[in-house]
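What follows is each chain in one-letter form.
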Amino acid sequence: MTALPSLMPPIEYEDATPQVRAVYDDIRATRKTDFINNFWKVLAHDPAMLARTWEKLKAVMAEGALDPLTKELIYVAVSATNGCEYCTYSHTAAARAKGASDAMLMEALAVAAAANETNRLANALRPQVDAAFLPRAGGG
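Residues numbered from 1 in each chain as written. Predicted model: local features only at pLDDT ≥ 70, side-chain atom pairs only at ≥ 80, totals over all residues. Heavy atoms only, no water.

Student: I would appreciate a short explanation of the overall build of the chain in the present structure.
Tutor: Looking only at helices and strands, the chain has 6 helices and 0 strands in total. C-alpha atoms of the chain, sized along the principal axes, occupy 60 × 45 × 30 Å. Expressed as a percentage of its 140 residues, the buried residues of the chain come to 23%. Long-range pairs, those at least 24 residues apart, make up 50% of the contacts in the chain between residues at least 6 apart in sequence. About 9,900 Å² of surface is accessible on the chain, with carbon and sulfur atoms providing 61% of the total. (Helix = DSSP H or I, 4+ residues; strand = E, 2+ residues; numbered from the N terminus. Buried < 20%, exposed > 50% of the residue type's maximum accessible area, 1.4 Å probe, protein only. Contact = heavy atoms within 4.5 Å. Areas by Shrake-Rupley, 256 points an atom, 1.4 Å probe, with all protein chains shown as cover.)

Student: What is the right way to look at the nonpolar core in this model?
Tutor: Generally speaking, a soluble globular protein has its nonpolar side chains buried in company with each other. Counting residues in each nonpolar core, the largest one holds 14 residues, and the members touching the most others are V20, Y24, I27, W40, A44 and L50. Among the secondary structure elements, those contributing two or more residues to this core are helix 1 (18-31), helix 2 (38-43) and helix 3 (47-61). When neighbours within four sequence positions are excluded, V20 is seen to be in contact with A44, P47 and L50. Judged by nonpolar contacts, the second largest core, of 7 residues, contains L69, L73, V76 and A100. (Core = buried A, V, L, I, M, F, W, Y, C linked by side-chain atoms within 4.5 Å.)

Student: Explain the pattern of salt bridges here, please?
Tutor: When the charged atoms of two side chains with opposite charge come close together, those side chains can pair. Evaluated as defined, the whole model comprises 5 salt bridges. Two residues, K58 and D26, come together in a salt bridge whose shortest N-O distance is 2.6 Å. Taken together, the positions of K58 in helix 3 and D26 in helix 1 put the pair 32 residues apart, joining distant regions of the chain. Overlapping salt bridges bring together D26, E55 and K58 as one network. (Salt bridge = Lys/Arg side-chain N within 4 Å of Asp/Glu carboxyl O.)

Student: Please clarify how helix 1 should be interpreted in this entry.
Tutor: Turn by turn, an α-helix covers 3.6 residues, leaving residues three or four places apart pointing in a common direction. The end-to-end C-alpha separation of helix 1 is 20 Å, in line with the 20 Å expected for 14 residues at 1.5 Å each. Where helix 1 is concerned, the buried positions are V20, V23, Y24 and I27. What you see down the axis of helix 1 is that its buried residues fit within an arc of 100°, all on one side. Exposed positions of helix 1 whose direction lies more than 90 degrees from the buried face are P18 and A29. Packed against the buried residues of helix 1 are helix 2 and helix 3. Where helix 1 ends, the next residue or the one after it, K32, has phi of about 55°, a positive value. (Expected span 1.5 Å × (residues − 1). Arc of directions from axis to C-beta.)

The structure is reproduced here in structure tokens:
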């Protein structure tokens with residue numbers, strides 16, 4: 001596989017502004033690692049975007065109603081659907097680190113592929129949404 005060059009050069013910690021270093025430090029503390037991946041390093045060209053993106057991702061990927069592994073599997077499936085090679089690789093690695101097996105990854109991708117196919121068919125055929133699928137007043 002031939003790697004394409006980044007559109008922006010990565011900003012390493014030692015070359016970063018104090019604002020960027022603060023985000024890098026939070027990434028390291030949150031993820032319990034010294035590794036800062038290239039996605040964050042290229043976003044560092046816009047420190048406000050870096051901070052905003054990190055804060056949103058940190059909140060969304062934290063433990064919640066869905067466990068972190070399930071969130072990573074969703075992220076892999078959406079990344080593959082969107083054709084984002086970088087995110088597919090990085091979130092597959094994160095899912096594996098959280099215990100995802102090959103079978104789990106393949107099943108998540110199969111669900112995404114099936115959803116893509118049936119979504120395209122539903123968009124093309126425009127069936128009326130069944131009354132049984134509509135939300136009821138009061139959240140029922």
